[in-house]
Structure formats: C-alpha cells, structure tokens
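Analysis of the macromolecular model
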Amino acid sequence: MTIEEQTVAGACLEFVVVNFAKDKMTLRVPTRKMANAGMRKLSDPAAIEQVRRTLSRAPYKARGNWSRLVQEYESKMNSGDIIAVAEVIRDLYRPAVGPNQNYSERQLYAAALDRLSGEVALVEHITVEEAARELESIVIAGAGWKA
C-alpha cells in the first residue's frame, strides 16, 4: 500500500494505492473517502485471537430461506468485520467427506476463507496457504469434524 498524489480535473488529490498481486488489480481510493469505501487498518494480534475463538465454536445452524441466508452471509463478508467473516467460515465449513454444499455455499466459503486468511497471513507474517490451513484446522477441531 502506498500514498500518491494525482491531478484530477485540475485538483490535486491524495490516493491510497493498494496492489492485489493475486488478482492483478490496483485499487486507488481518495484518502478522504477511505472510511466510506470500507477501508480500515489491518487487524491487530488480539483481533486475530478473537477470530480463532470464533472459529473454534460450534457452527450456527441457520434456518430459513436460502436467499435470505445468502444476503446475511454477504452482508457479513462486506462488513469489514473479521469476526463476522470468521462466522461465515465457521458456519459454512463442510468436510470433503461430509454433507454436500451447494455451489453458492462453496463460493461464499471460499471467498470468506480467502479474505480472512489473507489478513491473518499479513498480521502473522506467514503465507496465505499456511493461514488458510490453520484457520480450517481450528474450525475442524471446534466443530468436532474429523480431518
């Protein structure tokens, strides 16, 4: 992440520039609009510990109409709250040998795991793959799944 200045329509603006190498994408957000765009500081180690506690709890068995549940999960994903993202992972995890997930469940789960493992990796200075394995192992142990 860097800060750069650009002239846009004759006005000098300051932008936060974030490069997403995995997605081959660059994001530029005016610094004045960072909060409105959902940008926040990286989580601290205490927040990551809270994520681990959340993942280790038994999954919440959601009931009701799937389209409403999808909206709820997407809202949690877009909230910027890593605890809410951890709840999505915990609640949507299914072992490969267990009950089948539908396509949208798998997509939501994968997006949540990708988002959370990326942040954990940055905070703990490990790879995204190591973070994902650790997060999934916590969910498996907490829910009593067999690995």
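Residues numbered from 1 in each chain as written. Predicted model: local features only at pLDDT ≥ 70, side-chain atom pairs only at ≥ 80, totals over all residues. Heavy atoms only, no water.

Focus on helix 2 (residues 66-78)
The end-to-end C-alpha distance of helix 2, which contains 13 residues, comes to 18 Å, matching closely the 18 Å that a straight helix rising 1.5 Å per residue would cover. All of the buried residues in helix 2 are Leu 69, Val 70, Tyr 73, Lys 76 and Met 77. In an axial view of helix 2, the angular spread of the buried residues amounts to 125°, which keeps them on one side of the axis. Turned more than 90 degrees away from the buried face of helix 2 sit Gln 71 and Asn 78, all of them exposed. At the exit of helix 2 stands Gly 80, carrying a positive phi of roughly 85°. (Helix = DSSP H or I, 4+ residues; strand = E, 2+ residues; numbered from the N terminus. Expected span 1.5 Å × (residues − 1). Buried < 20%, exposed > 50% of the residue type's maximum accessible area, 1.4 Å probe, protein only. Arc of directions from axis to C-beta.)

Considering unusual backbone geometry
One non-glycine residue, Ala 9, lies in the positive phi region at around 50°. Within the fold, Ala 9 resides in the loop between strand 1 (2-8) and strand 2 (11-20). We note that His 125 has phi near 55°; this positive angle belongs to a residue other than glycine. Considering the arrangement of structural elements, one finds His 125 in the loop between helix 4 (103-124) and helix 5 (128-143).

So, a nonpolar patch on the surface
There is a patch of nonpolar side chains on the surface, built from Phe 20, Met 25 and Leu 27 and spanning about 240 Å² of accessible area. The topology assignment puts Met 25 in strand 3 (residues 25-30). (Patch = residues over 30% accessible without salt bridge, like charges linked within 9 Å, V, L, I, M, F, W, Y side chains within 5 Å. Areas by Shrake-Rupley, 256 points an atom, 1.4 Å probe, with all protein chains shown as cover. Salt bridge = Lys/Arg side-chain N within 4 Å of Asp/Glu carboxyl O.)

With respect to the sheet that holds strand 1
Ordered in space as 1-2-3, the three strands form an open sheet in which the pairing is antiparallel. Only two strands of the sheet have a single neighbouring strand rather than two, namely strand 1 and strand 3. Ignoring strand direction, the axes of neighbouring strands in this sheet form an average angle of 40°. Taken together, the six bridges between strand 2 and strand 3 define a ladder with antiparallel strand orientation. (Pairing = 2+ DSSP bridges. Axes fitted to C-alpha atoms, helices over the stretch in contact; angles between N-to-C directions.)

Quick word on the pattern of salt bridges
A full pass over the atoms with the stated rule returns eight salt bridges. Here Glu 4 makes a salt bridge to Arg 28, at a shortest N to O gap of 3.1 Å. Taken as a pair, Glu 4 in strand 1 and Arg 28 in strand 3 lie far apart in primary sequence, 24 residues in all. Judged by relative accessible area, Glu 4 falls into the partly exposed class, the value being 26%. For Glu 134, the salt bridge goes to Arg 52, with nearest N and O atoms at 2.6 Å. Here Arg 52 lies in helix 1 (residues 45-56) and Glu 134 lies in helix 5, a separation of 82 residues in the sequence. Classification of Glu 134 as partly exposed rests on a relative accessible area of 22%.

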